Amino acid sequence: MNTETFEISQNKVIVKLRERVCETPGEILASPLFREILQRAIDKLVKRNSFLLGIFERRPVAGQDIDLFIKTLGSLVHTPTRSIEKIIPGGRQFLKDPALFNEFIEYVYNYWRSFDRFLIANDNGQHWDRMPYRTFHATVGQLTGLIRGMYRDIQENVTGIHPRIYRQVAAGAEVSSIAVLKEVPFPAPVYKKLNAVPVIRQILIYPPLILNPPMNKRTGKFERVQKNPLELFDLKANEWLCYPAKVGSLIILIYFHNRFAELGHSLCNLFEMAEDEDLARKPDAVYAFGVPDGILNEFGSFPTVFYDDEKNGILVGAIPGRDEFGYFGYLKKMALTLHNIIMMKRKKLPFHGAFVRVRLKGGEDKTILFIGDTGAGKSETLEALRDLGETSIQDLVVIADDMGSLEMTRAGIIGYGTETGAFLRLDDLPPGYALGQIDRAIIMSPNQVNARIILPVTTFQNVIKGHPVNFILYANNYEDIDEDHPLVEFFATPDQALSVFREGTVMSKGTTTTTGIVHTYFANVFGPVQYKDLHEVLARKFFYAFFKHDIPVGQIRTRLGLAGWERQGPHEASQELLKIIQQSSR
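Calculation notes
- Residues numbered from 1 in each chain as written.
- Predicted model: local features only at pLDDT ≥ 70, side-chain atom pairs only at ≥ 80, totals over all residues.
- Heavy atoms only, no water.
- Helix = DSSP H or I, 4+ residues; strand = E, 2+ residues; numbered from the N terminus.
- Rg over C-alpha atoms; globule rule 2.2 N^0.38 Å.
- Buried < 20%, exposed > 50% of the residue type's maximum accessible area, 1.4 Å probe, protein only.
- Contact = heavy atoms within 4.5 Å.
- Areas by Shrake-Rupley, 256 points an atom, 1.4 Å probe, with all protein chains shown as cover.
- Lys, Arg positive; Asp, Glu negative; His and termini not counted.
- Charge placed at Lys NZ, Arg CZ, Asp CG, Glu CD.
- Salt bridge = Lys/Arg side-chain N within 4 Å of Asp/Glu carboxyl O.
- Polar contact = N/O pair within 3.5 Å; in protein donor to acceptor, adjacent residues only side chain to side chain.
- Pairing = 2+ DSSP bridges.
- Axes fitted to C-alpha atoms, helices over the stretch in contact; angles between N-to-C directions.
- Core = buried A, V, L, I, M, F, W, Y, C linked by side-chain atoms within 4.5 Å.
- Phe/Tyr/Trp six-rings, centres within 6.5 Å; stacked < 30°, edge-to-face > 60°.
- Lys NZ or Arg CZ within 6 Å of the ring centre and 35° of its normal.
- Left-handed = near helix turned anticlockwise from the far one by under 90°.
- Nonpolar A, V, L, I, M, F, W, Y, C, P; charged D, E, K, R; others polar.

Asker: Hey, could you run me through the overall build of the protein chain in this one?
Answerer: The helix and strand inventory of the protein chain stands at 15 helices and 27 strands. Relative to the globule expectation of 25 Å for 586 residues, the C-alpha radius of gyration of the protein chain, 27 Å, shows essentially globular dimensions. Taking all 586 residues of the protein chain together, 59% fall into the buried category. Long-range contacts, defined as pairs at least 24 residues apart, comprise 76% of the intrachain contacts of the protein chain with a sequence gap of at least 6. Accessible area of the protein chain: about 23900 Å², with a carbon and sulfur share of 50%. Counting 68 positive and 68 negative side-chain charges, the protein chain places the averaged centre of each group 3 Å from the other.

Structure below.
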């Protein structure tokens, strides 16, 4: 593929398209990428001393043997095995045992498909982003059909058998993006170098997208530092991409290194992508995910950091490019931390929780804000409520799945969200839920503890519209229920409510490296902890306003952290909550 460059890193293949993809089997077979994949596949067989190497006459398999094999493949695309010797002298050696040769082809094909495969169409003045569907069809679609067709033609010419069953697997790229250079109006010279990094304008994925990133848990918190991390390094533009995220009403430019390409592209299932007009103004924050190792060491041994550039009115996040940070939670939560800090500076109260609007059949709309730490049962209770409500709920609209903010207005307390998607723990979802959503899903670490699924759950219009708040509940996943501890309990005073919310108690579910009962200030380590003085003033002001506006504030016992109650707990909590909503609507 001489019109492309590629990079193979760990379990990823990243192909950067400059002009066009291969258009014939001969171009694929002649490409440096094909030869590299074939060489790696053979090296893997050599380490195992596999019987599949029996198609080669000599050991070790030398470069000229691989050249001859590739030429033989080129002929097998069009020619049955009986004619190979006439066309490719010496090619018959590979076909002495057609069944073994067929197994070898199957192995190489599956080896290629074992990689997470990305195709980046870097605009070269061709304006691919103006015709994205045509671009994707002419690149990803063409490459997929070409590879799959070549594989089938070779197998049919080797075996002489036409398959009875055809499986349309994604044989080309699983993810493709169109990226262009944008002149973002940054406020100071230190940010200008970011304009050398292509900005993603469209993404195509083939769900279900199943990924195995290096890490499956998050630890620690994001620390504020007194030096701008962007002053410490220059980005190699060809190694980075930018996902321009709409995080609520904010524009946060998220720059991710190729090392974490699978995580960066997965942002498309979580945050709305910014429009061109959004990129014509100064962003609210920038975030570099995958900074070269060692650059951030002056900030400590675990440098997940951010800088508040008050002079230029912009926040900067940075996380090192080490495997221990190769978890989607680091990408998501830093972006939300930056959002929360900006909201506090704008006199809005950020929340770590889920906010939904429930429309009862024959009744009125009610909104419920669940506040709680990771694994407290917010999303799980919502899904249980959705399942329960088929007979009595007309609509359940997600406004915020994990983070959002509250604004004080003359009309009351108004709530907003941040994400259009959800990053859910598979073990805590109802049986079959993930399968029901699999045609939209990005699944991460499916064979490990804390396996996750990223799904679109709402629209950007729902996220930013602003909705009055009717109920506020702390998600308590650690207490069992009895006569003194009901499923849903309301507080009598603002100070009583503040005490519970401020304590931020949760039974850790293994989504981070903490275990057992933990306490986090307002269940929100993503901004409020770092700006505690600012947050405390806002929290008291808002909680007193909740009671002034007669908004019920309480706690809901999901029992998600108690063994054996992972599914039944949220189910019963949602049943009780539905009764309360129905009573309030009469």
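Asker: Honestly, the pattern of salt bridges in this entry has me stumped. Any pointers?
Answerer: Between side chains of opposite charge, a pair can form when the charged atoms approach closely. Applying the stated criterion across every chain, the model contains 32 salt bridges. Here Glu174 makes a salt bridge to Arg117, at a shortest N to O gap of 3.9 Å. Placement of Glu174 in the loop between α6 (132-159) and β4 (175-180) and of Arg117 in strand β3 (residues 116-122) is noted, with a sequence separation of 57 residues between them. Exposure class is identical for Glu174 and Arg117. Each is buried. Notably, a salt bridge pairs Lys345 with Asp308, separated by 2.9 Å at the nearest N-O pair. Taken together, the residues span a long stretch of sequence, with Lys345 in helix α9 (residues 328-345) and Asp308 in strand β12 (residues 305-309) at a distance of 37 residues. Counted as one network, the salt bridges with shared partners bring together Arg224, Asp308, Glu310 and Lys345.

Asker: Any chance you could explain the environment of Gln155 here in plain terms?
Answerer: Position of Gln155 among the secondary structure elements: in helix α6. Spatially, the C-alpha atoms of Gln155 and Tyr416 are 55 Å apart, while their sequence positions differ by 261 residues. Those residues in contact with Gln155 that sit more than four places away from it in its chain are Asn102, Ile105, Glu106 and Gly160. Within the local environment of Gln155, its side chain forms a polar contact with the side chain of Asn102, the two groups lying 2.9 Å apart. There is a polar contact of 3.0 Å between the side chain of Gln155 and the side chain of Glu106.

Asker: Which parts of the structure should I look at to understand the sheet that holds strand β6 (residues 209-211)?
Answerer: Sheet strands associate in pairs through backbone hydrogen bonding, adopting either a parallel or an antiparallel arrangement. Taking strand neighbours across the sheet as the criterion, the four strands line up as β6-β20-β21-β19 in an open arrangement whose pairing is mixed. Two strands close off the open sheet at either side, each with one partner strand: β6 and β19 (421-425). Ignoring strand direction, the axes of neighbouring strands in this sheet form an average angle of 20 degrees. By the bridge criterion, three bridges tie β6 to strand β20 (residues 442-444) in an arrangement that is parallel. In the strand pairing of β20, Leu209 is matched with Ile442.

Asker: Teacher, can you tell me more about the nonpolar core here?
Answerer: Considering soluble globular proteins, one finds that nonpolar side chains tend to be buried as a cluster. Counting residues in each nonpolar core, the largest one holds 80 residues, and the members touching the most others are Phe271, Phe289, Phe328, Leu406, Ile472, Phe501 and Phe546. Ranked by residue count, the leading element in this core is α9, at eleven residues. Once residues within four sequence positions are removed from consideration, Phe289 is found in contact with Trp240, Tyr255, Phe256, His257, Phe260, Leu263, Ile319, Phe325, Tyr327, Tyr330 and Leu331. Leu76, Phe104, Ile105 and Leu143 belong to the second largest nonpolar core, which has 55 residues in total.

Asker: I keep staring at the packing of aromatic side chains and nothing clicks. Help me out?
Answerer: Scanning the model with the defined rule gives 30 aromatic pairs in all. Relative to Phe501, the ring of Phe491 lies with its centre 6.4 Å away and its plane at 70 degrees, an arrangement referred to as edge-to-face. On the criterion of sequence distance, the pair formed by Phe491 in the loop between β24 (488-490) and α13 (494-503) and Phe501 in helix α13 is long-range, its members being ten residues apart. Phe501 carries the same exposure label as Phe491, and that label is buried. Feature note: the residues Phe56, Phe69, Phe94, Phe101, Phe104, Tyr107, Tyr111 and Phe115 constitute an aromatic cluster, connected by ring pairs. Here the guanidinium or amino end of Arg452 rests over the ring plane of Phe423, the centre of that ring lying 4.5 Å away. Above the plane of the ring of Trp565 lies Arg559, whose end atom (NZ or CZ) is 4.0 Å from the centre.

Asker: How do you make sense of the packing of helix α10 (residues 378-388) against helix α15 (residues 568-584) when you look at a structure like this?
Answerer: Any two packed helices are characterised by the angle at which their axes cross and by the distance between the axes. α15 packs onto α10 with a crossing angle of 60 degrees between their chain directions and a minimal axis gap of 8 Å. Considering only the axes of α10 and α15, their crossing is right-handed. Contacts between α10 and α15 pair Glu380, Thr381, Ala384, Leu385 and Leu388 from the former with Pro570, His571, Ser574, Gln575, Leu577 and Leu578 from the latter. Split by residue class, the contact of α10 with α15 holds six nonpolar, four polar and one charged.

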